[in-house]
Amino acid sequence: MKPFEYARAASPAEAVRGFAPGTMYLGGGTNLVDLMKLGVAEPERLLDVSRLPLDAIEQTDGDRVRVGATVRNTDLAAHPVIRSRYPMLARAVLAGASGQVRNVATVGGNLLQRTRCTYFQDVSRPCNKRRPGSGCPAIEGDHAGLAVLGASDACVATHPSDMAVALAALGADVHVTGPGGDRIIPMPGLHRLPGDEPERDTVLEPGDLITAVELPPPPPGASHYRKVRERSSFAFALVSVAAVLDVRDGAVAGCRIALGGVAHVPWRAERAEQALIGGPATGEAFLQAAETELEQAGPLPRNAYKVPLARNLIVATLEELAP
Amino acid sequence: MEITLRVNGVPRKADVDPRMSLLDLLRERLGLIGAKKGCDHGQCGACTVLIDGRRANSCLALAVAVDDRDITTVEGLADGDELHPLQAAFIEHDAFQCGYCTPGQLCSAEGMLGEPGPSAITEDLLTDPGLTPDEIRERMSGNLCRCGAYVNIVTAIGEVAR
Ligand SMILES: Cc1cc2nc3c(=O)[nH]c(=O)nc-3n(C[C@H](O)[C@H](O)[C@H](O)COP(=O)(O)OP(=O)(O)OC[C@H]3O[C@@H](n4cnc5c(N)ncnc54)[C@H](O)[C@@H]3O)c2cc1C
Ligand code: SF4
Ligand code: FES
Ligand code: FES
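Just so you know, these numbers come straight off a predicted model, no measurement behind them. (Residues numbered from 1 in each chain as written. Chains lettered and ligands numbered in written order. Predicted model: local features only at pLDDT ≥ 70, side-chain atom pairs only at ≥ 80, totals over all residues. Heavy atoms only, no water.)

**Section: the packing of helix α2 (residues 85–92) of chain B against helix α5 (residues 150–161) of chain B**
Residues and elements named next belong to chain B.
Item 1. Remark: α2 packs on α5, axes separated minimally by 8 Å, with the N-to-C direction vectors making an angle of 140°. When the interaxial angle is binned, α2 and α5 end up oblique. Classified by chirality, the crossing of α5 by α2 is right-handed. Touching Pro85, Leu86, Ala89 and Phe90 of α2 are Ile153, Ala156, Ile157, Glu159 and Val160, all from α5.
Item 2. The residue makeup of the contact of α2 with α5, split by class, is eight nonpolar, no polar and one charged. (Axes fitted to C-alpha atoms, helices over the stretch in contact; angles between N-to-C directions. Helix = DSSP H or I, 4+ residues; strand = E, 2+ residues; numbered from the N terminus. Parallel < 35°, antiparallel > 145°, perpendicular 65-115°, else oblique. Left-handed = near helix turned anticlockwise from the far one by under 90°. Contact = heavy atoms within 4.5 Å. Nonpolar A, V, L, I, M, F, W, Y, C, P; charged D, E, K, R; others polar.)

Written out as structure tokens, the structure is:
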């Protein structure tokens, strides 16, 4: 590991002021320390933000819930308000990583964790995300776990977070403070498609600090998070879905669908949502909606299985939610 | 950098390079070799210790970042000569073969028993489920055992959970 300095920030403002080129914020470190060991991340200075006083979960005006950026994943999933009003979010968090990792991982760090693409993690290989312009060996090589939606010729990586998928379905607001001031980024707008700049995972600028995630009132209807993986626990998603379905008099009054494991972003399935709203809540309608969404898929030879998997998962989850 | 930790109740000072993990600090500088290095990447749980009472992978924690914290390692579980109930149950139920994963299993189980709330497999998110064998398996999935002693590990933990 390359030598680096370590410092701790006492307030968000101090963290932003203390940010300079070569600095990286440190949350729980469960992703960043790992990437530093691998030589993928080489900060000159770590600014530890994990002890910032941003660890509260509180109701705010308009029946919203504000989750501080340093709230640990375990505490988010165990919180009574999250369990009762945002069960999809609790389930998504619980579906990720292990008890040990969730105890340490922060909400901010979870959103900004990097892809698990094996070439990205191996500094002896080219990778456009790690070294822009060096190429993408995944396209010809091992892309079995990678993206089928919104990928580019430069990068087919996926974003690995489960929590972000639920936040995308909820339309949560990400609160950011940085050298350019404060702003609010509605999910799924935090993450970006790779395009020809795969080195940028998100729309954040250098020095931007996530301070909180604000949940809007839970959308009406039943919700669920389902994750398909190679083993039943402690593995990243091959495909996951966060879904909310509100059926009134047999017709779909409201619907939210977000997919994980299929794109560089938590993928909000807007085409499927649009296709369903106002129509019948039947298996046939769910299948058509899923197919409408997945028409835009561009799978590679070894990840083509994800398209029918995503389709079936959408249909099964919506069927479970339909009354 | 100068840091101070309480390790198994005893204040310890150390001058560490910011690159040093808590695991390396414990094993190489403080002589506590209970916590094991399996993968060094958070994937196996052999390095599990308790930080302020919560289980964590010591391989992914920078020593400088746990300055001021309370650390409990497997060496701190027993009360003098009196084994911790989990240690006694592991022996009673043959919950290990080579023993390499055992310190991590024990610390993880101790932390897990204090973690309320649902797990990924809990049906009803609103009630705290009992620790059935399936719940124990799910909650302990961050600890791998190459010898496959899982069946007895679950039995041993289940006995203490009751
Ligand atoms: C073995 C293993 C299995 C895992 N399995 C899963 C899984 O199944 N599903 C899943 O979703 N995740 C999984 N994870 C990933 C885990 O969820 C992330 O490592 C964790 O959420 C990152 O949070 P952290 O606080 O430790 O972030 P860190 O590692 O500290 O930081 C991650 C990134 O975020 C930046 N950062 C941190 N906080 C802030 C902030 N407040 N503002 C701005 N930038 C910030 C850091 O600079 C860094 O770039 C797994 C991890 C491991 C090790
Ligand atoms: S898919 Fe993206 S992250 Fe993976 S090797 Fe290609 S450029 Fe790198
Ligand atoms: S050595 Fe820490 S989890 Fe494997
Ligand atoms: S007893 Fe050998 S690894 Fe678990």
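**Concerning the packing of helix α3 (residues 102–113) of chain B against α5 of chain B**
Between two packed helices, both the angle of their axes relative to each other and the distance between the axes serve to describe the pair.
Residues and elements named next belong to chain B.
Item 1. Here α3 crosses α5 at 35°, and the two axes come no closer than 11 Å. Considering only the axes of α3 and α5, their crossing is right-handed. Contact residues: α3 offers Gln105, Ala109, Met112 and Leu113, while α5 offers Ile153, Ile157, Val160 and Ala161.

**Some details on the nonpolar core**
Item 1. Ranked by internal contacts, the top residues of the largest apolar core, which has 51 residues, are Leu76, Leu89, Leu111, Leu167 and Leu215 of chain A.
Item 2. In terms of residue count, helix α9 (residues 163–170) of chain A provides more of this core than any other element does, eight residues in total.
Item 3. Both domains that meet at this core, namely domain 1 (1–48) and domain 2 (222–321) of chain A, each give it at least three residues.
Item 4. In this view, Leu215 of chain A contacts Arg64, Val65, Val67, Ile82, Tyr86, Leu89, Leu167, Leu170 and Ala172 of chain A; residues no more than four positions away in its chain are not counted.
Item 5. With 45 residues, the next largest nonpolar core counts Val33, Val104 and Leu146 of chain A together with Ala56 of chain B among its residues. (Core = buried A, V, L, I, M, F, W, Y, C linked by side-chain atoms within 4.5 Å. Buried < 20%, exposed > 50% of the residue type's maximum accessible area, 1.4 Å probe, protein only. Domains from an automatic or database assignment.)

**Description of α5 of chain B**
Item 1. Helix length check: α5 of chain B (12 residues) gives 16 Å between terminal C-alpha atoms against 16 Å at 1.5 Å per residue, within 8%.
Item 2. Buried residues along α5 of chain B sit against α2, α3 and α4 (133–139) of chain B. (Expected span 1.5 Å × (residues − 1).)

**Section: the packing of aromatic side chains**
All names here are of chain A.
Item 1. Across all of its chains, the model carries one aromatic pair over all chains by this definition.
Item 2. Look at Phe19 and Tyr25: their rings are 5.3 Å apart centre to centre, the planes differ by 55°, and that puts the pair in the tilted class.
Item 3. Residue classification places Tyr25 among the buried residues on the basis of a relative accessible area of 16%. (Phe/Tyr/Trp six-rings, centres within 6.5 Å; stacked < 30°, edge-to-face > 60°.)

**Observations regarding the UniProt feature "domain: FAD-binding PCMH-type" (unreviewed entry) in chain A**
Item 1. When the UniProt feature table is mapped onto this chain numbering, "domain: FAD-binding PCMH-type" (unreviewed entry) sits at residues 1–220 of chain A.
Item 2. Taken end to end, residues 1–220 of chain A comprises 25% helix and 18% strand; its first and last C-alpha atoms sit 49 Å apart. (UniProt positions renumbered as here; feature names shortened; annotations may be inferred.)

**Re the sheet that holds strand β2 (residues 23–26) of chain A**
Residues and elements named next belong to chain A.
Item 1. Read from one edge of the open sheet, three strands run β1-β3-β2, paired in parallel fashion. Of all strands in the sheet, those bounded by a partner on one side alone are β1 (5–8) and β2. Each strand axis lies, on average, 25° off the axis of its neighbour in the sheet, ignoring direction.
Item 2. Pairing of β2 with strand β3 (residues 45–48), which is carried by four bridges, proceeds in the parallel orientation. Bridge pairing links Met24 to Leu46 in β3. (Pairing = 2+ DSSP bridges.)

**What to know about the pattern of salt bridges**
All names here are of chain A.
Item 1. Evaluated as defined, the whole model comprises 27 salt bridges over all chains.
Item 2. Put simply, Arg45 and Glu5 hold a salt bridge, and the shortest N to O gap is 3.8 Å. Taken as a pair, Arg45 in strand β3 and Glu5 in strand β1 lie far apart in primary sequence, 40 residues in all.
Item 3. A relative accessible area of 21% places Arg45 in the partly exposed class.
Item 4. Overall, Glu5 belongs to the exposed group, its relative accessible area being 52%. (Salt bridge = Lys/Arg side-chain N within 4 Å of Asp/Glu carboxyl O.)

**A word on the environment of Pro217 of chain A**
Residues and elements named next belong to chain A.
Item 1. Among the structural elements, Pro217 can be located in the loop between β8 (209–215) and β9 (222–228).
Item 2. Placed 90 residues apart in sequence, Pro217 and Val307 show a C-alpha to C-alpha distance of 32 Å.
Item 3. For Pro217, the contacting residues outside a window of four places in its chain are Gly62, Asp63, Arg64 and Tyr86.

**Concerning the domain arrangement of chain B**
Residues and elements named next belong to chain B.
Item 1. Looking at the assigned domains, one finds that chain B contains domain 1 (2–76) and domain 2 (85–161).
Item 2. Here domain 1 and domain 2 have C-alpha centroids that lie 21 Å from each other.
Item 3. At the junction of the two partners, domain 1 supplies 16 residues and domain 2 supplies 16 residues.
Item 4. At the boundary of domain 1 with domain 2, total buried surface from both sides reaches about 1200 Å², with 55% on carbon and sulfur atoms.
Item 5. At the surface where domain 1 touches domain 2, the tally comes to one salt bridge.
Item 6. Across the pair Glu115 and Arg55 runs a salt bridge whose closest N-O atoms are separated by 2.8 Å. (Buried area = accessible area lost by both parts, 1.4 Å probe.)

**Thoughts on the site of ligand 2**
Residue and element names in this part refer to chain A.
Item 1. Near ligand 2, the surroundings consist of 13 residues, among which Cys117, Cys127, Cys136, Cys155 and Val156 are the closest.
Item 2. Most atoms of ligand 2, that is more than half of them, are within 2 Å of grid points of the second largest cavity.
Item 3. Per-class residue counts for the shell around ligand 2 are 11 nonpolar, one polar and one charged. (Near = heavy atom within 4 Å. 1 Å grid on protein atoms, 1.4 Å probe; cavity = no way out; pocket = protein on both sides within 12 Å on 5 of 7 lines; lining within 4 Å. Sits in = over half its atoms within 2 Å of the grid points.)

**Looking at empty space enclosed by the protein**
All names here are of chain A.
Item 1. On inspection of all chains with the given rule, the structure shows three cavities of 30 Å³ or more.
Item 2. Counted as a void, the largest cavity has a volume near 140 Å³.
Item 3. Going through the elements one at a time, α3 (73–78) and α6 (99–104) are the ones with two or more residues in the lining of the largest cavity.
Item 4. Top contributing element to the lining of the largest cavity by residue count: α3, with three residues.
Item 5. Per-class residue counts for the lining of the largest cavity are five nonpolar, four polar and four charged.
Item 6. Taken together, 16 residues line the second largest cavity, and the ones lying closest to its centre are Cys117, Cys127, Cys136, Cys155 and Ala157. (Points joined across faces, edges and corners; volume = space filled by probe spheres on them.)

**Observations regarding the interface of chain B and chain A**
Item 1. If you look at the interface, chain B gives 38 residues, while chain A gives 36 residues.
Item 2. For the pair chain B and chain A, the summed buried surface comes to about 3100 Å²; carbon and sulfur atoms form 52% of the total.
Item 3. Where chain B meets chain A, there are four salt bridges.
Item 4. Across the contact surface, chain B and chain A share 20 residue pairs in polar contact (both at pLDDT 80 or more).
Item 5. When residues of the side of chain B that touches chain A are assigned to their parent elements, the largest contribution, four residues, is made by strand β4 (residues 54–57) of chain B.
Item 6. Residue composition of the side of chain B that touches chain A, grouped by class: 13 nonpolar, 14 polar and 11 charged. (Polar contact = N/O pair within 3.5 Å; in protein donor to acceptor, adjacent residues only side chain to side chain.)

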